[in-house]
Amino acid sequence: MRLRGVRGSRNVEDRRAQRGRGGMAIGGRGLGIGGVLLLLVIGAFTGIDVTPFLTEQPGPSQSAPKELTAEERQAGEFVSRVLATTEDVWGTVFRDQLGRDYIPPTLVLFSQVTSSPCGGASGATGPFYCPADQKAYLDTDFFTTLARRLQAGGDFAAAYVIAHEVAHHVQNQLGILGQVDQARRQSSQVEANALTVRLELQADCLSGVWARSVQGLMERGDLEEALNAARMIGDDRLQRQAGRVPQPHTFTHGTSAQRASWFERGFDSGRVASCDTFSTNRL
């Protein structure tokens, strides 16, 4: 992805200098952040509650501010520029397609652990969006997990992750998140999971709308990187990776084929209207 010359967003809150000392352990054994993130990712995408396996190591909750490494600074710059492209794209799409103003989210960068009105990041799964404060949360170490453990490397795959969380903000602004949350509260667990799948597939489609609008910044192979990332984090693949037989009634994000298909639909059309996953019987 060609980002040289692209402005950086001002809507980035960087908390990475305040690193939590307390790590996480599984079965009493310390696990590196990559392993923790992998477990958390698998938990989120498979519907498995992994919190019983995660326990905090004793020790102070925070250490003194620490200077960011060159790699961390580079990752922060990358996130800032990708976020800026989402601001430009959705500002235009909201105006031209929806006749509305777009108010961009803040993206919080953190290292290992942080807090939000939606709960602690250590109890969530890598990147997440919190509608309560309209902020997206991202540990940039997740990009390493994405590439090395989930076989979804590449800068555009990482950009897709950011675009997907911003897409949840778009859903929030359009009132979709609130409607789905209310419906889930009145549904059985299986029905609630099915609604969540439609929500996530719509976010994939909206990510495709964003990707179509930044084609001028894309390099050869970028589209396939995003499609591969969508496939690698499908519920069916992640459940197999966790040693389980895929159980569709537990899916919360959709299959690999569904995620890639809806991303492509958004990319091909460039229209928000094409991303209505709630009015179709065929996902």
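Look above for the structure.
Just so it is clear, the model here is predicted, and its values are computed rather than measured.

Definitions and limits used
Residues numbered from 1 in each chain as written. Predicted model: local features only at pLDDT ≥ 70, side-chain atom pairs only at ≥ 80, totals over all residues. Heavy atoms only, no water. Helix = DSSP H or I, 4+ residues; strand = E, 2+ residues; numbered from the N terminus. Buried < 20%, exposed > 50% of the residue type's maximum accessible area, 1.4 Å probe, protein only. Contact = heavy atoms within 4.5 Å. Pairing = 2+ DSSP bridges. Core = buried A, V, L, I, M, F, W, Y, C linked by side-chain atoms within 4.5 Å. Disulfide = S-S within 2.5 Å. Axes fitted to C-alpha atoms, helices over the stretch in contact; angles between N-to-C directions. Phe/Tyr/Trp six-rings, centres within 6.5 Å; stacked < 30°, edge-to-face > 60°. Lys NZ or Arg CZ within 6 Å of the ring centre and 35° of its normal.

1. Quick word on the side chain of Thr277
As for its position among the elements, Thr277 is in the segment after α9 (256–269). Thr277 sits in the buried class, given a relative accessible area of 0%. Dropping the residues within four chain positions of it, Thr277 is found in contact with Arg198, Leu201, Gln202, Trp262 and Leu283.

2. Focus: the pairing of strand β7 (residues 135–139)
With respect to burial, β7 is a largely interior element, four of its five residues being buried. By the bridge criterion, three bridges tie strand β6 (residues 128–130) to β7 in an arrangement that is antiparallel. Bridge pairing in β7 links Tyr129 to Ala136. Following β6, the chain reverses through four residues before pairing antiparallel with β7; Gln134 in that reversal takes a positive phi of roughly 55°.

3. Brief notes about the nonpolar core
The biggest cluster of nonpolar side chains holds 61 residues, and the ones touching the most others in it are Phe78, Trp90, Phe156, Ile162 and Trp210. Here this core takes 11 residues from helix α4 (residues 155–173), the largest share from any one element. When neighbours within four sequence positions are excluded, Ile162 is seen to be in contact with Phe78, Val79, Val82, Leu107, Leu138 and Phe143. Counting five residues, the second-largest nonpolar core is a separate cluster that includes Val108, Phe110, Phe128 and Tyr137.

4. With respect to the state of the cysteines
By the definition in use, this model includes two disulfides. Two residues, Cys118 and Cys130, share a disulfide whose sulfurs are 2.1 Å apart. Here the disulfide of Cys118 and Cys130 is right-handed, its torsion about the S-S bond being about 85°. Here Cys118, found in the loop between β5 (106–110) and β6, pairs with Cys130, found in strand β6; they are 12 residues apart in sequence, far enough to count as distant. Of the residues examined, Cys118 reaches a relative accessible area of 44% and is grouped as partly exposed. With a relative accessible area of 0%, Cys130 lands in the buried category. Cys205 shares a disulfide with Cys275; S-S distance 2.1 Å. Here the S-S torsion is close to -75°, and the disulfide linking Cys205 with Cys275 is therefore left-handed. With a gap of 70 residues between them, Cys205 in helix α6 (residues 189–213) and Cys275 in the segment after α9 connect regions that are remote in the sequence. No difference in accessibility class separates Cys205 from Cys275, as the two residues are buried. Shown here for the chain is a disulfide pattern of 1-2, 3-4, where each number marks a bonded cysteine counted in sequence order.

5. Describing the sheet that holds β5
Taken in spatial order, the four strands line up as β1-β5-β7-β6 in an open sheet, and their pairing is mixed. Edge strands, defined here as strands with exactly one partner in the open sheet, are β1 (12–14) and β6. Each neighbouring strand pair of the sheet contributes to a mean axis angle of 25°, computed without reference to strand direction.

6. Observations concerning the environment of Asp88
Turning to its location among the elements, Asp88 is positioned in helix α2 (residues 70–98). For Asp88, a relative accessible area of 44% translates into the label partly exposed. It is 9.6 Å that separates the C-alpha atoms of Asp88 and Trp210, two residues lying 122 residues apart in sequence.

7. Some words on the packing of aromatic side chains
All chains considered together, the criterion is met by six aromatic pairs. Arranged with centres 4.8 Å apart and planes meeting at 5°, the rings of Phe128 and Tyr137 form a pair that is stacked. As far as burial versus exposure is concerned, Phe128 and Tyr137 are alike and both buried. Cluster of aromatic residues (ring-pair linked, three or more members): Trp90, Phe94 and Tyr102. When the ring centre of Trp262 is taken as reference, the NZ or CZ atom of Arg265 above it lies at 3.9 Å.

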